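Structure assessment
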Amino acid sequence: MGWHPHLWHPTTQVATSPQPLRVRGAQGCELELDDGRRLIDAISSWWVTLHGHSEPAIAAAIARQAQRLEQVIFANFSHEPAETLATRLSALTGLPRLFFSDNGSTAVEVALKIAWQWWANQGESRQRLIAFDGAYHGDTVGAMALGERSLFTAPFQRLLFDVARVPWPHTHWGDNVVESAEQQALDQLDIALQTPTAAVILEPLLQGASGMRLVRPAFVRAVAERTRAAGALLIADEVMTGFGRTGCLFACQKAGVQPDLMALSKGLTGGFLPMGVTMASERLYQGFIGRDPALTFFHGHSFTANPLGCAAALASLDLLQADPERFQQFEARHRPWLEQLAQHPRVGRPRCLGTIAAFDVVAGASGYLNPVGKQIQRTCLDRGVYLRPLGNTVYLLPPLCISELQLQQCYDALAIALEQVG
Ligand SMILES: *Cc1c(COP(=O)(O)O)cnc(C)c1O
């Protein structure tokens, strides 16, 4: 075997990484490897697989749609799957306009460009953008600029526009300093908002890539109130938190906030097809309408509103809405296992939200390059569980279909892996 001569894998250093495992199929929670081994996909294949792999209802919806209309240019044309999806997502998010793109990064880029141009269309110069420490909004240049500066973004420093940063007062079980951390963050936000601000962007309730860092709903509400009071737009990046991941259909609902723009992707198609959408308020939409061509939102992707993606998204929504308890009650499934694991002296900052359970391994420095995560990954892999820790942050984010036995297998593997950290 060896590394393929013609492929280039994402965020992978070939000089130091083990070769990729070859997958021949996947069903439900399990990946089936070429050598016949089965692995539990405990991170939903980078947070996208929502119900389960090869979910029959979604597979069938895509197959039906592929025989009818696979793709059509979405300027000059419209179609039923796009219209139905827009109607349904509008009702669910409270944001009546849907703009299609291809992935999470583009959904964020579109939100940013809409916010920026909307102010220009209003004839008002608002140049400030505010984001949070540790934010991750995608890997394209605009989304990258909104995100935290890191090893990942360092080569592109000069391409990245300036963003005002506010601390992210993340919390965990047994945290008793969260109030003062929140107050400090809000004080900083108040200072940043004194400069006329176009938009504030956040990952509501949970920063994913920075290490599954939770904030309390009250903090998200306080950010939304201050943003509104300053007349700035609020962009909710729900690319990872959307579609039940946090125990509510959208994290904004759980936090009780209504943003002006919302970016969605990952779980949108149940994890079957790449698609992103940006939901927008009617006020923003109306700001682009008029006889002057300069008012137009000149942005479009070749695969805008791909009918196969729309069909997958509709089938996925059907499944979610038919059985909301599956995501609403997931947190209660994690809780007893995590409580038990949290007894281990190597488990720091245990935390849990909806389908996501996380902790930091207390060993060495924190951060993406801490090797302890790789060690835990190897031990769990040997026990049939696929994880991908973020530095020393270990988390489970399984598809909704995971059985009790499979969940137990994940926690058992983690307990053994923690023993081996020594
Ligand atoms: C994954 C992610 C993105 C980027 O989505 P891609 O589809 O990988 O481009 C943006 N924002 C958040 C919060 C994410 O988790």
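No experiment lies behind these values; they were computed from the predicted model shown.

Scoring rules and cut-offs
Residues numbered from 1 in each chain as written. Predicted model: local features only at pLDDT ≥ 70, side-chain atom pairs only at ≥ 80, totals over all residues. Heavy atoms only, no water. Domains from an automatic or database assignment. Contact = heavy atoms within 4.5 Å. Buried area = accessible area lost by both parts, 1.4 Å probe. Salt bridge = Lys/Arg side-chain N within 4 Å of Asp/Glu carboxyl O. Polar contact = N/O pair within 3.5 Å; in protein donor to acceptor, adjacent residues only side chain to side chain. Helix = DSSP H or I, 4+ residues; strand = E, 2+ residues; numbered from the N terminus. Near = heavy atom within 4 Å. Areas by Shrake-Rupley, 256 points an atom, 1.4 Å probe, with all protein chains shown as cover. Nonpolar A, V, L, I, M, F, W, Y, C, P; charged D, E, K, R; others polar. Pairing = 2+ DSSP bridges. Axes fitted to C-alpha atoms, helices over the stretch in contact; angles between N-to-C directions. Buried < 20%, exposed > 50% of the residue type's maximum accessible area, 1.4 Å probe, protein only. Parallel < 35°, antiparallel > 145°, perpendicular 65-115°, else oblique. Left-handed = near helix turned anticlockwise from the far one by under 90°.

Another aspect to go through is the domain arrangement of the protein chain. Along its sequence, the protein chain is organised into domain 1 (23-54 + 325-419) and domain 2 (59-322). Computed from C-alpha atoms alone, the centre-to-centre distance between domain 1 and domain 2 is 26 Å. Contacts between domain 1 and domain 2 engage 32 residues on the former and 30 residues on the latter. Buried surface at the junction of domain 1 and domain 2, both sides included, amounts to about 2700 Å², of which 70% is carbon and sulfur. Taken together, domain 1 and domain 2 are joined by zero salt bridges. Here domain 1 is connected to domain 2 by 10 residue pairs in polar contact (both at pLDDT 80 or more). Elements represented by at least two residues in the side of domain 1 that touches domain 2 include exactly helix H1 (44-47), helix H11 (325-328), helix H12 (330-341), strand E13 (347-353), strand E14 (356-361) and strand E16 (393-396). For the side of domain 1 that touches domain 2, the element with the highest residue contribution is E13, accounting for five residues.

As a further point, take the site of the ligand. Within the structure, the ligand sits among Trp47, Asn103, Gly104, Ser105, Tyr136, His137, Gly138, Glu203, Asp237, Val239, Met240 and Lys266. At a separation of 3.5 Å, an oxygen atom of the ligand approaches a polar side-chain atom of asparagine 103. Aspartate 237 places a side-chain nitrogen or oxygen 2.7 Å from a nitrogen atom of the ligand. Burial of the ligand by the surrounding chains reaches 82%, relative to a free accessible area of 380 Å². Taken together, the residues that form the shell around the ligand break down as four nonpolar, five polar and three charged.

A few words on the sheet that holds E13. Strand order in the open sheet made by the three strands is E13-E14-E16, with antiparallel pairing throughout. Looking at strand neighbours, the two that pair on one side only are E13 and E16, the edges of this open sheet. Strand-to-strand twist across the sheet, computed as the mean angle between neighbouring axes with direction ignored, equals 15°. Relative to E16, E14 is paired through four bridges, and the arrangement is antiparallel. Counted as the bridge partner of alanine 357 is leucine 396 from E16.

For the rest of this paragraph, the subject is the pairing of strand E2 (residues 30-33). Residues Leu31 and Leu33 point to one face of E2 and are all buried, whereas Glu30 and Glu32, pointing to the other face, are not buried. The hairpin formed by strand E1 (residues 23-27) and E2 contains two residues between the paired strands, and glycine 28 there has a positive phi angle of roughly 60°. Strand direction decides the pairing type here: E2 and strand E3 (residues 38-41), joined by three bridges, are antiparallel. Bridging across to E3, glutamate 32 finds its partner in arginine 38. In this antiparallel pair of consecutive strands, E2 and E3, the connection spans four residues, and glycine 36 shows a positive phi of 90°.

Two numbers describe a pair of packed helices, the interaxial angle and the distance between the axes. Where H12 contacts helix H14 (residues 404-421), the two axes come as close as 11 Å, and the packing angle between them is 20°. Considering the angle they form, H12 stands roughly parallel to H14. The handedness of the crossing between H12 and H14 comes out as right-handed. Of H14, the residues touching H12 (which contributes Arg333, His334, Trp337, Leu338 and Leu341) are Glu404, Leu407, Gln408, Tyr411, Leu414, Ala415 and Leu418. Of the residues assigned to the contact of H12 with H14, the class counts are eight nonpolar, two polar and two charged.

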